[in-house]
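Letter by letter, the chains look like this.
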Amino acid sequence: YQDLSKSAISPEQEDLKIYKLTSEGGVERAFAGMDYGAGSVIDPWDLEINSRNQVFAIDSTEQKVSIYDLFGTYQFSLKIPMKFRWQSVMCYDTKLFFLGTHNIFIYDLFSKNGQSIALQNERPLLGATAGRDMIYLLFEGPVNMYKIGK
């Protein structure tokens, strides 16, 4: 546990940058933000990182995911047209999971293919996590598992 209350990042800051911190809590680098050219983020609210050390800035307002390398260099953005608005995104290895209340869209960064899953549940999706070839979904009742791929 690191006490970041005395670090260089203030919770009052609204510069929308992504900060990479050292293990001591200092700022190693800052990137993204509103003035970052093609890699700008407008309304980021979550971050993910995969096993390849790609950083994903999640912007549900813009329905866009901006991808950076471990050093903060902008790589590309994804704005995939879908039949639903997603509320969150999670990643596992090369897959991104766009989660809606009753739908999931799985996008493979390597093959650039996507798969849509309509959830057979009346209750909204509360949470999810993924493994190599399974995704686990949390509703108010039981956990449902869905096989990924063919």
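What this report covers is the structure whose coordinates are included nearby. Only a predicted model underlies this, so the values are computations on that prediction, with no experimental measurement involved. (Residues numbered from 1 in each chain as written. Predicted model: local features only at pLDDT ≥ 70, side-chain atom pairs only at ≥ 80, totals over all residues. Heavy atoms only, no water.)

Another point: the overall build of the protein. Broken down by element type, the protein carries zero helices and 13 strands. Within the span of the protein, comprising 150 residues, buried residues form 35% of the whole. Looking at the protein as shown, the accessible area adds up to about 9000 Å², and 53% of this sits on carbon and sulfur atoms. (Helix = DSSP H or I, 4+ residues; strand = E, 2+ residues; numbered from the N terminus. Buried < 20%, exposed > 50% of the residue type's maximum accessible area, 1.4 Å probe, protein only. Areas by Shrake-Rupley, 256 points an atom, 1.4 Å probe, with all protein chains shown as cover.)

Once that is clear, we can look at unusual backbone geometry. Even without being a glycine, Ala32 presents a positive backbone phi close to 70°. Inspection of the secondary structure assignment puts Ala32 in strand β2 (residues 27-32). Ala32 sits in the buried class, given a relative accessible area of 0%. In this structure, Asn53 takes a positive phi of about 60° despite not being glycine. Of note, Asn53 is situated in the loop between β3 (46-49) and β4 (55-59). Judged by relative accessible area, which is 37%, Asn53 ranks as partly exposed.

One pass over the structure, following the stated rule, counts four aromatic pairs. Relative to Phe105, the ring of Phe98 has its centre 6.3 Å away and its plane inclined at 55°; by these criteria the two rings are tilted. Residue Phe105 is classed as buried on the basis of its relative accessible area, which comes to 14%. These aromatic residues form a ring-pair network of at least three members: Phe31, Tyr68 and Tyr74. (Phe/Tyr/Trp six-rings, centres within 6.5 Å; stacked < 30°, edge-to-face > 60°.)

Across the sheet, four strands lie side by side as β3-β4-β5-β6; this open sheet has antiparallel pairing. Of all the strands in the sheet, the pair left with one neighbour each is β3 and β6 (74-78). When strand polarity is set aside, the average angle formed by the axes of neighbouring strands in this sheet is 20°. Where β3 lies against β4, four bridges are found, and the strand directions are antiparallel. Of the residues in β4, the one forming a bridge with Ile49 is Val55. (Pairing = 2+ DSSP bridges. Axes fitted to C-alpha atoms, helices over the stretch in contact; angles between N-to-C directions.)

The next subject is the sheet that holds strand β10 (residues 114-118). Pairing in this open sheet of four strands is antiparallel, and the strands run β7-β8-β9-β10 from one edge to the other. Bordering the open sheet on either side are β7 (88-92) and β10, each of which pairs with just one other strand. Between one strand and the next, the sheet's axes are offset by a mean angle of 20°, whatever the strand orientation.

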